[in-house]
Amino acid sequence: MTDATRKPARPSHLGLCVADLDRSLRFYCEGLGFTEAEGYDLDEKMLAGIDRALEVTSPVQLRSQMITNGDLKIELLHFAEPKASGAPSVSRGQIGFTHLSFFVDDVDRVAAELAALGGTVLANTRAQLGYEVVFLADPDGARVELMAPPAKD
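Quantities reported herein were computed from a predicted structural model and do not represent experimental measurements.

The rules behind the values
- Residues numbered from 1 in each chain as written.
- Predicted model: local features only at pLDDT ≥ 70, side-chain atom pairs only at ≥ 80, totals over all residues.
- Heavy atoms only, no water.
- Buried < 20%, exposed > 50% of the residue type's maximum accessible area, 1.4 Å probe, protein only.
- Helix = DSSP H or I, 4+ residues; strand = E, 2+ residues; numbered from the N terminus.
- Arc of directions from axis to C-beta.
- Contact = heavy atoms within 4.5 Å.
- Polar contact = N/O pair within 3.5 Å; in protein donor to acceptor, adjacent residues only side chain to side chain.
- Phe/Tyr/Trp six-rings, centres within 6.5 Å; stacked < 30°, edge-to-face > 60°.
- Lys NZ or Arg CZ within 6 Å of the ring centre and 35° of its normal.

(A) Quick peek at helix H3 (residues 107-116). Within the span of H3, buried status applies to Val107, Val110, Ala111 and Leu114. Down the axis of H3, the buried set is contained in an arc of 100°. They therefore lie on one face. Buried residues along H3 sit in contact with helix H1 (21-32), strand E6 (120-128), strand E7 (132-137) and strand E8 (143-148). In this structure Asp106 caps H3, since a side-chain oxygen of it lies 3.0 Å from the backbone nitrogen of Asp108. Count one or two residues on from H3 and you reach Gly118, which has phi positive near 105°.

Okay, here's the thing in structure tokens:
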């Protein structure tokens, strides 16, 4: 295929590994307005090589649950086997995935709602950067940024 006929890559989805699927569904669906979409129970019997593709050890058994909000699709991956491990980035200056960002009407209200759904408000991240900004950790520690227009005086 020549460069002139090459089709550009199109986004598909973003994947997040979660420890508790129900808790994460509440956080993202009730708290941030996502809707459950297709979901799959996957294992090596149905998908030979899934251990290699996901870079985990065998045996593999997991739930892949898609959620959508507008054009954004997130795949929540909940592993029964092997158990998930590790920790998400705690700094936006760390290489790799650092955060999801959402526009909201009221940073404080939405942050409080998300905290009630298992998130943790990272108070020291509150800033006025042309927008009101605050970061939270989702129930598994992945960073979520809330942005709202500045309050009118």
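After presenting the structure, the write-up continues.
(B) Seen up close, the packing of aromatic side chains. Under the definition given, this model contains 4 aromatic pairs. Pairing Phe103 with Tyr131 gives two aromatic rings, centres 5.7 Å apart and planes at 50°, and the pair type is tilted. Remark: Tyr131 occurs in the loop between E6 and E7 and Phe103 occurs in strand E5 (residues 100-103); sequence separation between them is 28 residues. For Phe103, a relative accessible area of 63% corresponds to the exposed category. Taking the relative accessible area as the measure of exposure, Tyr131 reaches 34% and is therefore partly exposed. Aromatic rings pair up to connect Phe27, Tyr28, Phe34 and Phe102 into one cluster. Its end group placed over the ring of Phe135, Arg92 keeps NZ or CZ at 4.3 Å from the ring centre.

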